[in-house]
Every structure is written in C-alpha cells, then in structure tokens.
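# Remarks on the overall topology
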Amino acid sequence: MATWSNLNYQNSASPLMEQIIFFHDHTLIILIMITILVAYLMMNLFFNNYINRFLLEGQMIELIWTILPAITLIFIALPSLRLLYLLDELNNPLITLKSIGHQWYWSYEYSDFNNIEFDSYMIQSNENLNNFRLLDVDNRIILPMNNQIRILVTATDVIHSWTIPSLGVKIDANPGRLNQTSFFINRPGIYYGQCSEICGANHSFMPIVIESIPMKNFINWINNYS
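Here's what I pulled together on the structure shown here. Keep in mind the model is a prediction, meaning the values are calculated, not measured.

Reading guide: rules and limits
Residue positions within a chain follow its written sequence, with the count starting from 1. Under the rules for a predicted model, residues below a pLDDT of 70 receive no local features and side-chain atom pairs below 80 are neither given nor counted, while totals for whole chains, interfaces and linings still include all residues. Side-chain metrics in this entry use all non-hydrogen atoms of the structure; hydrogen atoms and water are not considered. Going along the chain from the N terminus, every DSSP run of H or I of four or more residues is numbered as a helix, and every run of E of two or more is numbered as a strand. When accessible area is computed with a 1.4 Å probe and restricted to protein chains, residues below 20% of their type maximum are described as buried, those above 50% as exposed, and intermediate ones as partly exposed. Residues count as neighbours in contact if any of their non-hydrogen atoms are within 4.5 Å of one another. In these notes, a set of buried Ala, Val, Leu, Ile, Met, Phe, Trp, Tyr and Cys residues joined through side-chain atoms within 4.5 Å is what counts as a nonpolar core. Each polar contact in these results corresponds to two N or O atoms within 3.5 Å; when the atoms are within protein, one needs to be able to donate a hydrogen and the other to accept it, and residues that are neighboring in sequence are counted only if both atoms are side-chain atoms. One less than the residue count of a helix, multiplied by 1.5 Å, gives the span that helix is expected to have. Stacked, edge-to-face and tilted are the three classes for Phe, Tyr and Trp ring pairs, Trp counted by its six-membered ring, which pair at centre distances within 6.5 Å; planes under 30 degrees apart are stacked, over 60 edge-to-face, the rest tilted. Throughout, disulfides are identified as pairs of cysteine sulfur atoms within 2.5 Å of each other.

## A word on the side chain of Asn 174
Position of Asn 174 relative to the elements: it lies in the loop between strand E7 (169-173) and strand E8 (179-184). Asn 174 sits in the buried class, given a relative accessible area of 18%. When sequence neighbours within four positions are dropped, the list of residues in contact with Asn 174 reads Thr 154, Ala 155, Ile 159 and Asn 179.

## What about the nonpolar core?
By size, the foremost hydrophobic cluster in this structure holds 32 residues, and its most contacted members are Tyr 110, Ile 141, Trp 162, Phe 183 and Ile 210. Take this core: its biggest share by element is four residues, from strand E5 (residues 148-155).

## Quick notes on the side chain of Thr 154
Relative to the assigned elements, Thr 154 resides in strand E5. There is a polar contact of 2.9 Å between the side chain of Thr 154 and the backbone oxygen of Arg 177. Non-local contacts of Thr 154, meaning those with residues more than four positions away in its chain, are made with Lys 98, Ser 99, Ile 100, Gly 101, Ala 173, Asn 174, Gly 176, Arg 177 and Leu 178.

## With respect to helix H1 (residues 15-47)
For H1, which comprises 33 residues, the first-to-last C-alpha distance of 48 Å matches the rise-based estimate of 48 Å (1.5 Å per residue) to within 8%. Those residues of H1 not exposed but buried are Leu 16, Met 17, Ile 20, Ile 21, Thr 27 and Ile 30. Here the buried face of H1 lies against helix H2 (59-88) and E8.

## What about the packing of aromatic side chains?
Considering all chains together, one arrives at eight aromatic pairs under this definition. Ring centres of Phe 113 and Phe 218 lie 5.8 Å apart, and the angle between their planes is 75 degrees; on these two criteria the pair is classed as edge-to-face. Taken as a pair, Phe 113 in the loop between strand E2 (105-110) and strand E3 (116-120) and Phe 218 in helix H3 (residues 215-225) lie far apart in primary sequence, 105 residues in all. The exposure class assigned to Phe 113 is partly exposed, which follows from its relative accessible area of 23%.

## Observations regarding the state of the cysteines
A full pass over the atoms with the stated rule returns zero disulfides. Just so you know, Cys 195 is unpaired, no disulfide at all, and the nearest cysteine sulfur is the one on Cys 199, 3.7 Å from it. On the basis of relative accessibility, which here comes to 3%, the residue Cys 195 falls in the buried class.

Listed below in structure tokens is the structure:
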C-alpha cells in the first residue's frame, strides 16, 4: 500500500502491474535524456558569444530535429500499445467476481459458487484492531493467488471506479453497463484500493480490500461461507 513520502509506484502484486512500472521507468529515462539535452543546448545559447551573420537556412539541422522526435515517439508508442493490448487480454479466467458500486459502499457477488453475496462497508479506524484509517472494510474480497480472475463492474446510481493500484486495475463502474477486466495475483497478501472516480462527496470513503490466499485456503473459505 502507499506510504508517506513515497514518490514511486506501490510494490507490484501482478504481472501487469510489473509491466506498467517497467513502461513508466522506460518513458521516464527518455524524458530525462530529452530534458538534459534541451537544458544543455539552452545554456549554450545563453552564454555563447558567437554570431553567424550569413546564416539563412539550415536544412540539415531541421531534418535532424524533425526525425529524432519522431523516432523517440516510436520508442514510447510501441511499448505503450503492447501494454494496452496486454491489459485488455482475457485468458481463461478461473473465477468471476462481480462488483457493484453504491453510494457509498461496494457489493460483491461470487456467482460461480452458489451466489455468494455480501456488502463491503468502510469500518471505523481502531488502534486496537491495527487496521488502516479510511482503507479497511468489514467484508474483504477473498481471492486465490496464482489464478486468473475476471471482474465484472457496474453501478446502481452514479459512476464509480474500482481501483487497486498494486494490481494495476482501474475500471469504471457505470450504471446500466457491465465492464470487465482481469488480473492475476502472484503472491499472498492484503491489497488496498479506493473509488477513484469523482462520483460525489464521499467517493474516497468506499475502500476496496482484497485478501489473496492459497487455493486450498480459498476452497475452505468457500465451503465455510456456504
């Protein structure tokens, strides 16, 4: 989860989030190189005393500063397109989870398992329970690790957004529309998220908590819940 003074991404818990972080670092390196080059050229322009009285045109330098940015954009665009297609890919999901946004809480349905349904409300912060302020809920989403998960997202009132940063998932919940995406959790843990759409005054008070556990424990949870 996010911590104080953290300027980087949260630690990744899915292959897609790893790819997003790699793309971010790749693009940032290119931007740093451009910034240093432009700053160096501008400093030279400010402090040199050379004058060329006979300069009328420079076709070669114009060709260079037209082609180089185009090549740079290709180096950014190709990994970006690859990542967009990876984020849209749906590979034989094992479990389907349905998330329904309300004002101001989430409802979840495990329709694969005898229609397990529950609401998830934010709980009051309590030092004795060691929970996180504005981030913990009374009913967590329990999901198995190392399995492809499909999530269907919709809303009943206004537009919400189901977002888990460490899994690289952000999908809008629109009334009257069913959106879907998938993710793969590659390690056990507890992952926090929030509604990140401007759906009203309390949109930051409807947190999301996923608890990733081994498949054996998940089957026991399903049997106990039923």
